[in-house]
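Descriptive analysis of the structure
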Amino acid sequence: MQEYDLVFEGGGAKGSVFVGALEVFFKNERRKSRRLLGTSAGAITATLLAAKFTPNEMLEAVNEQLDRKPRFATFMDIPDEFTDATIKNSFLYAMFQKIHFIWPLSVLKNNIDAQVFNQLNRLKAFRGIFSFIERGGVYSGETFVQWMEEKLEQKGDGYGNMSLSEFYNETDNDLSLVITDTKDQLMRVLNHRTAPDCPVKYAVRMSMSIPFVWQEVLWKQEWGLYLGTDITGNTIVDGGVLSNFPIDLMNSNHPDIMGEDVDANDAGTLGFLIDESQEVGNTQERNDDEDNGDDLERKGHRVINRIKRLIDTMTGAHDQASMITYKEQICKLPAKGYGTTEFDMSEERLDALIEAGRKAMQKYFLEHPAN
């Protein structure tokens, strides 16, 4: 039996390519995973593996439909209406207060302000912009948390609300997820050693919190300490901001983070890298659907798609030094033309991406027969 430490890169919706690659990896019954490490989309994959999802079960999750649309598309969830208190404590409301009306409207100013924001609060486009300005992302991310909890519960009663230490004790799988702490400007790695009381579902939510797309997450007191330090209130975003492909963690000596009793040399290391330079093949062009909806919604789509393109550019930069150092331990998975936030991709595009993952992993083991 050959054990592997598996590392999954971040890449948002492009992470569906991992499913095809894992099908091939586990097809050989002599191969077994030991430690699991992931960032963003890679964190989702690593967590599902730790929960004992098979590649076929992951494929079912990826292909899941809701109202004839990909379930993953629901992760782009504009927040519900904000409370009056939240709005009145916001930057936008304070800025609006600076507007001076001529008399007699000035007498009614406070009432006018409240009515204007009450009407704006009913518009999805406004709530997305409000969320972006006040909370660091257009979408709330709550739908993803619910989905993550649901999937974990499929594998064990109570899994969906377990802490990292409880999850480790139940599954015996060594899971680590990368996040970025913007307050302390540090990369942090969440696992049963570093943050034992942090809920698994929120650890994944933090790791996949792409800046500007999903709201930032504030570390809660009940999530406990990180390596003995209280980080309550610290702002957490996607681990890919500082390390999108943390393969060096598996190969380096970080006993306090990756385990004192774990020898990296006792298992192989295999990195699943999303390669935007490689063609997927047999796929139709991406459609951003900017022409759907009314004029306000179309303009809102243009704003959101501008953010999407920025995120695609940001996440297209990899941990280059690690890629060179550990190139023999990396399987490059094609994803050219696919978007980081393309969760609503067509069935044909999704199938092509997964098949590309299968072929890439087959090629890797042909070129590295010793593995």
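Below, the structure is looked at part by part. All of these numbers come straight from a predicted model, not from anything done at the bench. (Residues numbered from 1 in each chain as written. Predicted model: local features only at pLDDT ≥ 70, side-chain atom pairs only at ≥ 80, totals over all residues. Heavy atoms only, no water.)

1. Notes on the overall build of the protein chain
Secondary structure summary: the protein chain contains 15 helices and twelve strands in total. The contacts in the protein chain between residues at least 6 apart in sequence include a share of 78% that link residues at least 24 apart. For the protein chain, the exposed area adds up to about 17900 Å²; of that, 49% sits on carbon and sulfur atoms. (Helix = DSSP H or I, 4+ residues; strand = E, 2+ residues; numbered from the N terminus. Contact = heavy atoms within 4.5 Å. Areas by Shrake-Rupley, 256 points an atom, 1.4 Å probe, with all protein chains shown as cover.)

2. Comments concerning the packing of helix 1 (residues 17–27) against helix 15 (residues 347–367)
Helix 15 packs onto helix 1 with a crossing angle of 40° between their chain directions and a minimal axis gap of 6 Å. Comparing the axis directions of helix 1 and helix 15 gives the class oblique. The crossing of helix 1 and helix 15 is right-handed. Counted together, Val 17, Gly 20, Ala 21, Glu 23, Val 24 and Phe 25 of helix 1 and Leu 353, Ile 354, Gly 357, Arg 358, Met 361, Gln 362 and Phe 365 of helix 15 form the full contact between these two elements. Classifying every residue of the contact of helix 1 with helix 15 gives eight nonpolar, three polar and two charged. (Axes fitted to C-alpha atoms, helices over the stretch in contact; angles between N-to-C directions. Parallel < 35°, antiparallel > 145°, perpendicular 65-115°, else oblique. Left-handed = near helix turned anticlockwise from the far one by under 90°. Nonpolar A, V, L, I, M, F, W, Y, C, P; charged D, E, K, R; others polar.)

3. Topic: the side chain of Asn 191
By the element assignment, Asn 191 lies in the loop between strand 7 (186–190) and helix 10 (200–207). A polar atom in the side chain of Asn 191 sits 2.9 Å from the backbone nitrogen of Arg 193. Here Asn 191 is in contact with Leu 164, Leu 175, Ser 176, Pro 196 and Ile 257, once residues within four sequence places are set aside. (Polar contact = N/O pair within 3.5 Å; in protein donor to acceptor, adjacent residues only side chain to side chain.)

4. Section: the nonpolar core
Inside soluble globular proteins, nonpolar side chains tend to come together where they are buried. Membership of the largest hydrophobic core comes to 93 residues, with the highest contact counts inside it found for Leu 6, Leu 190, Trp 219, Leu 270 and Phe 272. No other element matches helix 15, which puts nine residues into this core. In contact with Leu 6, other than residues within four places in its own chain, are Leu 22, Phe 25, Ser 33, Arg 35, Leu 36, Leu 37, Leu 49, Met 250, Leu 270 and Phe 272. Membership of the second largest hydrophobic core comes to eight residues, among which are Leu 92, Tyr 93, Phe 117 and Phe 126. (Core = buried A, V, L, I, M, F, W, Y, C linked by side-chain atoms within 4.5 Å. Buried < 20%, exposed > 50% of the residue type's maximum accessible area, 1.4 Å probe, protein only.)

5. A word on the pattern of salt bridges
Using the criterion set out here, one finds 16 salt bridges in the structure. Measuring nitrogen to oxygen at the nearest pair gives 2.9 Å for the salt bridge that ties Arg 35 to Asp 5. Taken together, the positions of Arg 35 in strand 2 (residues 31–39) and Asp 5 in strand 1 (residues 2–8) put the pair 30 residues apart, joining distant regions of the chain. Each member of the pair, Arg 35 as well as Asp 5, carries the same accessibility label: buried. For the salt bridge of Glu 150 with Lys 151, the shortest nitrogen-to-oxygen distance reads 3.5 Å. (Salt bridge = Lys/Arg side-chain N within 4 Å of Asp/Glu carboxyl O.)

6. Here we look at the pairing of strand 7
Two faces, one strand: in a regular strand the side chains alternate between the faces of the sheet. Looking at chain direction, strand 6 (residues 174–181) and strand 7 are connected through five bridges and run antiparallel. Across the sheet, Thr 180 pairs through a bridge with Met 187, a residue of strand 7. In textbook terms, the turn of a hairpin is the stretch between consecutive antiparallel strands, and for strand 6 and strand 7 this stretch comprises four residues, one of which, Gln 185, has a positive phi near 55°. (Pairing = 2+ DSSP bridges.)

7. Quick word on the side chain of Thr 194
Tracing the chain through its elements places Thr 194 in the loop between strand 7 and helix 10. At 2.6 Å, the side chain of Thr 194 and the backbone oxygen of Val 189 are in polar contact. Residues in contact with Thr 194, not counting those within four places in the same chain, are Val 189, Leu 225, Tyr 226, Leu 227, Asp 256 and Ile 257.

8. A closer look at the pairing of strand 10 (residues 235–238)
Judged from the three bridges that link them, strand 6 and strand 10 form a sheet pairing that is antiparallel. When the sheet's bridge partners are listed, Asp 181 is paired in strand 10 with Ile 236. As paired elements, strand 9 (residues 217–218) and strand 10 share two bridges and run antiparallel to each other. Its bridge partner being in strand 10, Leu 218 is matched across the sheet by Thr 235.

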